Amino acid sequence: MTTERVGATGEDTTGGDTTGGSPLVDGAAVKNPDTATKGIGDGGATDDGQAAGSDRADAGRKRADAGQHAEPAAKDDDGNADIVKDDVAQDDVAQDDVVTRSADTDAAEGADTKGGGDTEKDADKKETTDKNAGTAKASDTKKADKDGGTAKDGDGAKPDRWEAFAPAPERVPGRVGRVLRAVGRFLVHEWTLAVLASLALAVALTWPTLRYPLYTLPQDYWDPSLQAWQMAWSGHALLTDPAQLWQSNTFFPDPWSFAFSDTLLGYAPAGMIGTGPEAALLRYNIMFVLAHALATLGAYALARQLGAGRAGAAVAGMSYTYAPWLLAQAGHLHIVSNGGIPLALAMLARGHGWSLRHGYRPERRHAGWAYAGWLVAAWQLSLGFGIGLPFAYILAGATLVAAVTWFVRRRSNPRPFGVRLLVADVVGALLFAGVGGLLAVPFFKVAELHPNAARTLADIGVYSPPFSGFFTAPAESRVWGGLHEGARSVLPWHPEMTLLPGFVLYALAAGGLFFSVWRLRHRLLLLAGVVVTMVLAMGTRFFGGTFTYGLLFEYLPGWNGLRTPGRMMLWTTLLLGLLAAGAVSAFAVRVREWAAERVPPWPGPWLRLATVLPLLLVVAEGLNSTPHPVVPAQPAAMRSVDGPMLVLPSSQNLDQPVMLWSTSRFQDMVNGGSGFTPVRQAEIRQAAESFPDQASVTYLRDLGVRNVVVLRDRIAGTPWATTIDTPVDALGITREEIEGAVVFRLV
């Protein structure tokens, strides 16, 4: 409702029931009948609501102090006072905030000062105003309580009527809640899921390795027995007598015998747990599975660091680990244990803030990752030079390229990596070189003492695969093994010449040359790397290797110790995986773009299936049919007979399980198997063919051999099948039967 107040007479034209206060002119009470002003609320519920608060009351008090000096209100052209129209709705009056009593008092005092004191009528009006103010205040207080708000005295704050409908404030979690939330975030983090997926896939795709881990070994029980002994010996030696690490209990009496083959020294901490053959088998099988998991995780991390998407990185990780050609290497743990290579490269690239897709980003560099990368690289080198030596040369080449690049661009960027990262690289490179140098010393000693251990280009030719080997799968491939039986039959040594990385991987990598997230020059560089590594993998088959593998063999230190050039396929597979990752990542980006055009923007089931189809195909091609034979049980004599000893029959393959049996006591023994046969060991085997006779007994005594153990279940078709029971009294030795073995004590 709208109320008009016109000051035309000497009476108060504004009643107490309308405004609850006296009309003022510039804050003074009206006394001139020819003058009229707007009514300013001075205590009750005003028609201006919250705007007639304490600030305006203060202004009224100051103006009232001016007394008679207040100027008259402005008049219109007819000489009448201005007409003031107040739009006041009755419901708004009831909902206005309460004006504080201090404002009432101040305004009233201003009026008294102007008028010289309250008249009786003014007193009654003031009493009525106070009552109305109290009623309004009580009403507003009840309404505030009903709405959930709280009226604040003196500040004129109006409670929000919609506050009751606002969402409840988020509760601050306690200590347990914060811990659970952090654990939840950790469990769903990309790298947690990547680790768990790598482990689960490793268990599934190497099955049945962990079905009977105390009794079986993957592929065969010859080289795996040797490597199970290597882990056990390194742990035993470091716990008992680290100075004798390289003087193992095998190949007695030859020194430096632990360096007769790759040592897997990086697994020594695992070798410190448990004793005996069963513990050695369990340890080997666990490390075999973990090696596959680490390879998958390392290749995934490298692809992600270089800029691939998750789907593309998963393809790179799986193709690198479960390429069909690697199934033939299931008996070579030092070849399967290659995960440190891509993992170290990923860490070094992250530490330097570099990726293939985005180039160098200084803000992302981190010296800690560089240190970690060099440590992992050094650990990888400690597993063996078979794949560690090419890795070392590739790291050296990458360092050389980085140094040359800096020298060319030094004027524009004299300190591209900063002091801390430069120190990390220097320290890390020295650590890597130091580990490599220390590990190389025993091998140089072996090369010096055993010239027959040196390789020749003719030896390399025996293991060099033809070009057809890149399209031939090993017998252990469940998908292609049976289909490629004819192709394998024409290969001279098919275990090292069936080098198929996967037809799916070939196809994805070929697509990555034309459709990829990588730049064109990077794709061409990856293709060049594939071609170069494949040429090196052919050894002497590529134009005799004169200008390829032969150059490395002749001029790079240590390269002449590598027997099988086909293992360069490890790098071919990694580079093909990166090309494939670029293609799959680009396809995943396109799928997201298509999904964004849908309503709702979510990929359909066929699009989701198309994204994971390359990964499923790579996994399917990596399925294996690897045998897991039962390892011969340890003879009881191996747990009681002291060394130095000789176990007969003795040969390259037969001695490897004997090495495993010795893990109960690690007694010295003549037996041992490695990549070559020492001259003295060959002489001992030849002399022992006539055992027991006087010549052989004398020869063994002179070497220091105290006991000879002949295994009855192995002597069929050997000379000992007829001589094992001949009388020995005239030889000055004794004979004893111990559960299927005959023990001859020479002293």
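Residues numbered from 1 in each chain as written. Predicted model: local features only at pLDDT ≥ 70, side-chain atom pairs only at ≥ 80, totals over all residues. Heavy atoms only, no water.

Side note on the overall build of the protein chain
Of regular secondary structure, the protein chain possesses 26 helices and ten strands. Taking all 747 residues of the protein chain together, 48% fall into the buried category. For the protein chain, restricting intrachain contacts to residue pairs at least 6 apart in sequence, the fraction spanning at least 24 positions comes to 76%. For the protein chain, the computed accessible surface area is about 36,800 Å², with 61% contributed by carbon and sulfur atoms. (Helix = DSSP H or I, 4+ residues; strand = E, 2+ residues; numbered from the N terminus. Buried < 20%, exposed > 50% of the residue type's maximum accessible area, 1.4 Å probe, protein only. Contact = heavy atoms within 4.5 Å. Areas by Shrake-Rupley, 256 points an atom, 1.4 Å probe, with all protein chains shown as cover.)

A few points about the side chain of Thr472
Topologically, Thr472 is positioned in the loop between α16 (457-462) and α17 (485-489). A distance of 2.8 Å separates the side chain of Thr472 from the backbone oxygen of Ser468, its partner in a polar contact. With near-sequence residues (within four places) excluded, Thr472 lies in contact with His484, Ala487, Arg488, Leu491, Thr498, Leu499 and Leu500. (Polar contact = N/O pair within 3.5 Å; in protein donor to acceptor, adjacent residues only side chain to side chain.)

A few points about the packing of helix α18 (residues 503-512) against helix α22 (residues 605-621)
Contact geometry of α18 with α22 gives a least axis separation of 8 Å together with a crossing angle of 145°. For the pair α18 and α22, contact is made by Phe503, Val504, Leu505 and Leu508 and by Pro614, Leu617, Val618 and Glu621, respectively. Of the residues assigned to the contact of α18 with α22, the class counts are seven nonpolar, no polar and one charged. (Axes fitted to C-alpha atoms, helices over the stretch in contact; angles between N-to-C directions. Nonpolar A, V, L, I, M, F, W, Y, C, P; charged D, E, K, R; others polar.)

Quick look at the packing of aromatic side chains
Enumeration over the complete set of coordinates arrives at 23 aromatic pairs. With a centroid separation of 4.8 Å and 70° between ring planes, the pair formed by Phe251 and Phe260 is classed as edge-to-face. An aromatic cluster of at least three residues, connected via ring pairs, comprises Trp229, Trp246, Phe258, Phe385 and Phe443. The ring of Tyr463 carries Arg563 above its face, with NZ or CZ at 5.0 Å from the centroid. (Phe/Tyr/Trp six-rings, centres within 6.5 Å; stacked < 30°, edge-to-face > 60°. Lys NZ or Arg CZ within 6 Å of the ring centre and 35° of its normal.)

Section: helix α15 (residues 418-449)
The terminal C-alpha atoms of α15, which comprises 32 residues, lie 47 Å apart, in line with the 46 Å expected from a rise of 1.5 Å per residue. For α15, the set of buried residues is Gly418, Leu421, Ala424, Asp425, Gly428, Phe432, Gly436, Leu439, Ala440, Pro442 and Val446. For α15, the secondary structure elements touched by its buried residues are α12 (340-351), α13 (367-382) and α14 (385-408). (Expected span 1.5 Å × (residues − 1).)

Section: the pattern of salt bridges
Under the definition given, this model contains nine salt bridges. The salt bridge involving Arg304 is made with Glu190; its shortest N-O contact spans 2.8 Å. With Arg304 in helix α9 (residues 276-306) and Glu190 in helix α6 (residues 190-205), the pair connects residues that are 114 residues apart, well separated along the chain. Assessed through its relative accessible area of 23%, Arg304 is described here as partly exposed. Of the charged contacts, one joins Arg685 and Asp655 as a salt bridge, the two residues approaching to 2.8 Å between their closest N and O atoms. With Arg685 in helix α24 (residues 679-687) and Asp655 in helix α23 (residues 652-661), the pair connects residues that are 30 residues apart, well separated along the chain. Classification of Asp655 by relative accessible area gives buried; the value is 0%. (Salt bridge = Lys/Arg side-chain N within 4 Å of Asp/Glu carboxyl O.)

Describing the environment of Ser468
For Ser468, the position within the fold is in the loop between α16 and α17. Note: C-alpha distance between Ser468 and Ala487 (19 residues apart in sequence) is 8.3 Å.

Quick notes on the nonpolar core
Counting 100 residues, the largest nonpolar core has Phe432 and Phe470 as its most contacted members. It is helix α21 (residues 569-596) that contributes the most residues to this core, twelve residues altogether. Setting aside its immediate chain neighbours within four residues, Phe470 contacts Leu499, Leu500, Pro501, Tyr506, Met534, Ala537, Met538 and Met569. Leu646, Phe691, Val708 and Val710 belong to the second-largest nonpolar core, a separate cluster that totals 21 residues. (Core = buried A, V, L, I, M, F, W, Y, C linked by side-chain atoms within 4.5 Å.)

Observations regarding the side chain of Asn624
Tracing the sequence through the fold places Asn624 in the loop between α22 and β7 (645-648). Its relative accessible area of 10% is what places Asn624 among the buried residues. Only 3.1 Å separates the side chain of Asn624 from the backbone nitrogen of Thr626, close enough to count as a polar contact. Discounting chain neighbours no more than four positions away, the residues touching Asn624 are Leu205, Thr206, Trp207, Leu327, Glu476 and Arg478.

Here we look at the pairing of strand β10 (residues 741-745)
For β10, a buried count of four out of five residues is recorded, marking the element as mostly surrounded by other parts of the structure. Strand direction decides the pairing type here: strand β8 (residues 707-711) and β10, joined by five bridges, are antiparallel. Bridge pairing in β10 links Asn707 to Arg745. Here five bridges tie strand β9 (residues 734-738) to β10, and the two strands are oriented antiparallel to one another. Bridged to Glu736 within β10 is Val743. (Pairing = 2+ DSSP bridges.)

Re the sheet that holds β8
Reading across from one edge, β7-β8-β10-β9 is the order of the four strands in this open sheet, with mixed pairing throughout. Of all the strands in the sheet, just β7 and β9 have a single pairing partner and so form its edges. Strand after strand, the sheet turns through a mean of 20° between neighbouring axes, direction not considered. In the sheet, β7 pairs with β8 via four bridges, with the strands oriented parallel. Note that in β8 the partner of Leu648 across the bridge is Val710.

Some details on unusual backbone geometry
Keep in mind that most residues, glycine aside, have a negative phi and that most peptide bonds are trans. Look at the link from Phe252 to Pro253: it is a cis peptide, with omega at 5°. On the secondary structure map, Pro253 appears in the loop between α7 (223-240) and α8 (268-271). Backbone torsion omega between Leu648 and Pro649 reads 0°, so that peptide bond is classified as cis. Structurally, the position occupied by Pro649 is in the loop between β7 and α23. In the Ramachandran plot, Leu264 falls in the positive-phi region, its phi being about 55° despite a non-glycine side chain.

Thoughts on the packing of α7 against α9
Close contact between α7 and α9 brings their axes to 9 Å; oriented N to C, the two are set at 100°. Classified by the angle between their axes, α7 and α9 sit roughly perpendicular to one another. Across the interface between the two elements, Pro224, Gln227, Ala228, Met231 and Ala232 from α7 touch Ala280, Arg283, Tyr284 and Met287 from α9. (Parallel < 35°, antiparallel > 145°, perpendicular 65-115°, else oblique.)

Some words on a nonpolar patch on the surface
A contiguous nonpolar surface patch, about 680 Å² in accessible area, is contributed by Val195, Leu196, Leu199, Val203, Trp207, Leu210, Leu282, Ile286 and Leu290. Going through the elements one at a time, α6 and α9 are the ones with two or more residues in the nonpolar patch. Residue contributions to the nonpolar patch peak at four residues, all from α6. In this structure, Ile286 sits in helix α9. Taking the relative accessible area as the measure of exposure, Ile286 reaches 36% and is therefore partly exposed. (Patch = residues over 30% accessible without salt bridge, like charges linked within 9 Å, V, L, I, M, F, W, Y side chains within 5 Å.)

With respect to the confidence of the model for the protein chain
Taken as a whole, the protein chain shows an average pLDDT of 82; of its residues, 78% reach a score of 70 or greater. When mean pLDDT is compared element by element in the protein chain, α9 scores highest at 98, while strand β2 (residues 24-25) scores lowest at 33. Long-range and interchain partners of residues 1-154, a stretch whose pLDDT sits below 50, account for 157 contacts in this model, where long-range means more than four residues apart. (pLDDT = per-residue confidence, 0-100.)

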